[in-house]
Amino acid sequence: KPSLDQLNHFLKPLVDQLLVLWHTGVFFSRTAKYAMGRLVRCALVPLVCDLPAARQAAGFGHYSAKFFCSMCRLLKVDINNLDPSTWPPYSGAEHRAAAEAWKDKPSASLRKAAFEENSVRWSALLDLPYWDPVRYTVIDSMHNHYLGLLKHHCRRIWGMNIAAEDATEDSTEGQGVPEPSDEEISTAFDRLYSGTEAQLIPQTDHTGGTVLGRTMLGRIHAELPFTELPSWVDRVPTNVGTKARGKLSADQWHILCVINLPIILIRIWGRQGGRPKQMLDNFMDLVTEVVIGGMLEMSEEAIKVYEEAALRYLRTARELYNINITPNQHNSLHIPFFLRLFGPLHSIRTFFSERMNYLLQRNNTNMRFG
């Protein structure tokens, strides 16, 4: 894929056509409904793609940059701040000014220094006079919720690992090595090629032990077949969490965590009290957040419930597992902005493009360009 601002060479032809459609429009001499022709105007509003692509296309820095968020100016060193009222706001005008300043720098070294200061590069999309990079760069809920929050909670916080022993309530060290998330893999590659020595030092979160180890996963595997699902809901593989199973799709993580695990864990942990009940309550806040994010109708009341559940989930997760907040978890607290701006998230998430990527990758090629 093109690196950093090189993506602008691919965006420029698209932007040139969008400028014509915005300023003068295109006249079609005849259409199915208008025999005398029709003038068509067009505008680009939401930029819908996964987090790394969105940051690159809109000119924002990587989520490991000094200013890691596209919606606010919270510093990366302050990422554990869970009080949204204290987050410095960010506007499209500020971003455009910083991007133009970056573009006006006469040398690559000065541009690099400007980026390190503001975490902003120029994007060809900023040639569109109406386009707001902060409001219109969507945080994709498919990656944020399904492949982000849910997967991270199971893999990283609960340490899902069939080869690990389950931790006791007073355990202090996990037994297994959980699979790294896609976000961590992407960050690792970036740091390998351009990171500092300090960034290359491995850092791990202490999660208080493996929750989904051999024993608990065994119980989950045994009970998965007993859940009756509607015909339009696909079943989760019964060997989830094993190496033989491999990776789960976004939809499989969704079904496992929103349907199967609540049914199973409420029965196991619901009456225990103490830490198991606290872990269950914390997980159910996450489920509430994801369920509301997937609703096909939206209201202000539902958005407020989302905000309360999302904040409570992260605050109690820090208390229970002593974790550091990730950029993806921080981004989940900005999703209410897009719920209010665009409405339900199903129209601005990347299921359609991921499906197209899957179909394209199935085509046989000789792995050569040209």
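Refer to the structure presented above.
Source: prediction; values computed, not measured. The residue numbers shown here count from 1 along each chain, following its written sequence. Local features in a predicted model are, by the rule used here, given only for residues with pLDDT of at least 70; side-chain atom pairs are given and counted only at 80 or more, and totals for whole chains, interfaces and linings are based on all residues. Neither water nor hydrogens contribute to the side-chain values; these are computed over all heavy atoms in the structure.

Caption draft 1: Molecular detail of the overall build of the protein. Secondary structure elements follow DSSP: runs of H or I of four or more residues count as helices, runs of E of two or more count as strands, with numbering from the N terminus. A tally of helices and strands in the protein yields 14 helices and 2 strands. Accessibility here uses a 1.4 Å probe with only protein chains present; expressed as a share of the type maximum, an area under 20% marks a residue as buried, one over 50% as exposed, and anything in between as partly exposed. For the protein, buried positions account for 44% of its 370 residues. For the protein, the accessible surface area stands at approximately 20,200 Å², while carbon and sulfur atoms represent 55% of it. For the area figures, the Shrake-Rupley method with a 1.4 Å probe applies, and any residue is considered shielded solely by the protein chains shown.

Caption draft 2: Inspection of the packing of aromatic side chains at higher detail. Pairing of aromatic rings covers Phe, Tyr and the six-membered ring of Trp, with a centre-to-centre limit of 6.5 Å; geometry is then stacked below 30 degrees between planes, edge-to-face above 60, and tilted otherwise. Going through the model one piece at a time under the given rule, you end up with 6 aromatic pairs. Pairing Tyr146 with Phe351 gives two aromatic rings, centres 6.0 Å apart and planes at 45°, and the pair type is tilted. Taken as a pair, Tyr146 in helix α6 (residues 141-157) and Phe351 in helix α14 (residues 351-361) lie far apart in primary sequence, 205 residues in all. The exposure class assigned to Phe351 is partly exposed, which follows from its relative accessible area of 31%. The interplanar angle of 35° and the centroid separation of 5.0 Å between the aromatic rings of Trp158 and Phe283 together place this pair among those described as tilted. On the criterion of sequence distance, the pair formed by Trp158 in the loop between α6 and α7 (182-194) and Phe283 in helix α10 (residues 274-293) is long-range, its members being 125 residues apart. Ring-pair connections join several aromatic residues into one group, and the members of that group are Trp158, Trp269 and Phe283.

Caption draft 3: Up close: the environment of Asn81. Along the polypeptide, Asn81 turns up in the loop between α2 (51-58) and α3 (92-103). Classification of Asn81 as partly exposed rests on a relative accessible area of 26%. The residues contacting Asn81, other than those within four sequence positions of it, are Leu74, Thr86 and Trp87. Here Thr86 takes part through its side chain, which lies 2.8 Å from a polar atom of the side chain of Asn81. Any two residues whose heavy atoms approach within 4.5 Å are treated as being in contact. In the analysis that follows, any N or O atom pair within 3.5 Å is treated as a polar contact, provided that within protein one partner can donate a hydrogen and the other can accept it, and provided that, for residues neighboring in sequence, both atoms belong to side chains.

Caption draft 4: Just the pattern of salt bridges, in detail. Counted as salt bridges are all cases of a side-chain nitrogen of Lys or Arg within 4 Å of a carboxyl oxygen of Asp or Glu. What the rule picks out here adds up to 8 salt bridges. One salt bridge connects Lys12 with Asp16, and the closest N-O pair in it is separated by 2.8 Å. In this pair, Lys12 and Asp16 both sit in helix α1 (residues 8-23), 4 residues apart, roughly one turn of the helix. The exposure class of Lys12 is partly exposed, given its relative accessible area of 37%. Residues Glu165 and Arg214 are paired through a salt bridge, measuring 2.4 Å at the closest nitrogen-oxygen approach. Of this pair, Glu165 sits in the loop between α6 and α7 while Arg214 is found in helix α8 (residues 214-223), placing the two residues 49 residues apart along the sequence. When its relative accessible area of 37% is taken as the criterion, Arg214 is described as partly exposed. The structure contains a network of salt bridges with shared partners spanning Glu300, Glu307 and Arg340.

Caption draft 5: How the structure looks around helix α11 (residues 300-321). Working rule for helices: expected span equals 1.5 Å times residues minus one. Over its 22 residues, α11 runs 31 Å from end to end, which matches the ideal 32 Å to within 8%, given 1.5 Å per residue. Listing the buried residues of α11 in full gives Ala302, Ile303, Tyr306, Ala309, Ala310, Leu311, Tyr313, Leu314, Ala317, Leu320 and Tyr321. Those residues of α11 that are buried lie in contact with α6, α10, α12 (327-332) and α13 (335-342). Backbone geometry just downstream of α11 places Asn322 in the positive-phi region, at approximately 55°.

Caption draft 6: Molecular detail of the nonpolar core. The biggest cluster of nonpolar side chains holds 91 residues, and the ones touching the most others in it are Trp131, Trp158, Leu212, Leu256, Leu261 and Trp269. Per-element accounting of this core gives the leading share, 11 residues, to helix α9 (residues 250-269). For Leu256, the residues in contact, after removing those within four places along its chain, are Met160, Leu224, Val236, Val240, Leu248, Leu261 and Pro262. We call a set of buried Ala, Val, Leu, Ile, Met, Phe, Trp, Tyr and Cys residues a nonpolar core when their side-chain atoms join them within 4.5 Å.

Caption draft 7: The arrangement of unusual backbone geometry in detail. Phi angles above zero are rare outside glycine, and Ser119 is one such case at about 60°. Among the structural elements, Ser119 can be located in the loop between α4 (108-118) and α5 (133-136). Owing to a relative accessible area of 3%, Ser119 belongs among the buried residues under this scheme. With a phi angle near 55°, Asn322 is a residue other than glycine that sits in the positive phi range. When you line up the elements, Asn322 lands in the loop between α11 and α12.

Caption draft 8: Representation of a nonpolar patch on the surface within the structure. Side chains of Met356, Tyr358, Leu359 and Leu360 sit close together on the surface and give an oily, nonpolar patch of about 370 Å² of accessible area. Note that Met356 resides in helix α14. For Met356, a relative accessible area of 45% translates into the label partly exposed. Nonpolar side chains (Val, Leu, Ile, Met, Phe, Trp, Tyr) are joined into patches within 5 Å and like charges within 9 Å, using only residues with over 30% relative accessible area and no salt bridge.

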